[in-house]
Structures are given as structure tokens and as C-alpha cells.
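A look at the structure
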Amino acid sequence: MAFDKKLLDILACPVCKGKLLYQDKLAQLICKFDRMVYPIRENIPVLLESEAKHVSSEEMEQLLKSN
């Protein structure tokens, strides 16, 4: 079973409560406002700030281009 994209309608960034972008290739959710990347493990989004990866502006641009 794959990650259900319908979840994007109800999921939000736990830090800013903003919309998350789904990146299928890398199995992750992206908050472009906080520049944080949340992993998806076994088709379950891990929306914990402690598990998120902070990325630089340049890395965020690259992620958004590849989305």
C-alpha cells in the first residue's frame, strides 16, 4: 500500500501548521516555509520536528525543482 495523497488535505506542518508538499521519489513531505523535510516510513508520515531535516534555501530550491 502506498502513501495516500488524500492525506495531504488534512496533514499540516507541526511547526507552522502550513501546507505540506509530497515528494514521491524520496518518500518525504516538505514544508517550504520552515524549510523542513519530514520522512515517510512504511507509508506513514513521521511528523515529528525531531525527525525532520532542516535544509538550506539552496537545498529547498533543488527539492522544489525536482518535485
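Residues numbered from 1 in each chain as written. Predicted model: local features only at pLDDT ≥ 70, side-chain atom pairs only at ≥ 80, totals over all residues. Heavy atoms only, no water.

1. A look at unusual backbone geometry
- A positive phi angle, near 70 degrees, is found at K17, a position not held by glycine.
- For K17, the position within the fold is in the segment before β1 (21-23).
- One non-glycine residue, R35, lies in positive phi territory at about 55 degrees.
- On the secondary structure map, R35 appears in the loop between β2 (28-31) and β3 (36-41).
- The partly exposed category is assigned to R35, whose relative accessible area is 36%. (Helix = DSSP H or I, 4+ residues; strand = E, 2+ residues; numbered from the N terminus. Buried < 20%, exposed > 50% of the residue type's maximum accessible area, 1.4 Å probe, protein only.)

2. A look at the nonpolar core
- Formed by F3, L8, L11, C13, L20, Y22, L29, C31, M36, Y38, I40 and A52, the largest nonpolar core amounts to 12 residues.
- Secondary-structure elements contributing two or more residues to this core are β2 and β3.
- Looking at this core, the element that brings in the most residues is β3, giving three residues.
- For F3, the contacting residues outside a window of four places in its chain are L8, L11, Y22, L29, I40, N43 and P45.
- In this structure, I30, V37, V55 and M60 belong to the second largest nonpolar core, which totals five residues. (Core = buried A, V, L, I, M, F, W, Y, C linked by side-chain atoms within 4.5 Å. Contact = heavy atoms within 4.5 Å.)

3. Looking at the state of the cysteines
- Counted under the stated rule, the structure contains zero disulfides.
- C13 forms no disulfide, and the closest cysteine sulfur to it belongs to C31, at a distance of 3.7 Å.
- For C13, a relative accessible area of 1% corresponds to the buried category.
- Here C16 stays free of any disulfide, with the sulfur of C31 as its closest cysteine sulfur at 3.6 Å.
- The class for C16 is partly exposed, based on a relative accessible area of 33%. (Disulfide = S-S within 2.5 Å.)

4. A few points about the environment of P39
- One can find P39 in strand β3.
- Remark: the alpha-carbon pair of P39 and E51, spanning 12 residues in sequence, is separated by 7.5 Å.
- Residues within four places of P39 in sequence aside, it is in contact with A27, Q28, I44, P45, V46 and E51.

Any link to function would need more than the numbers given here.
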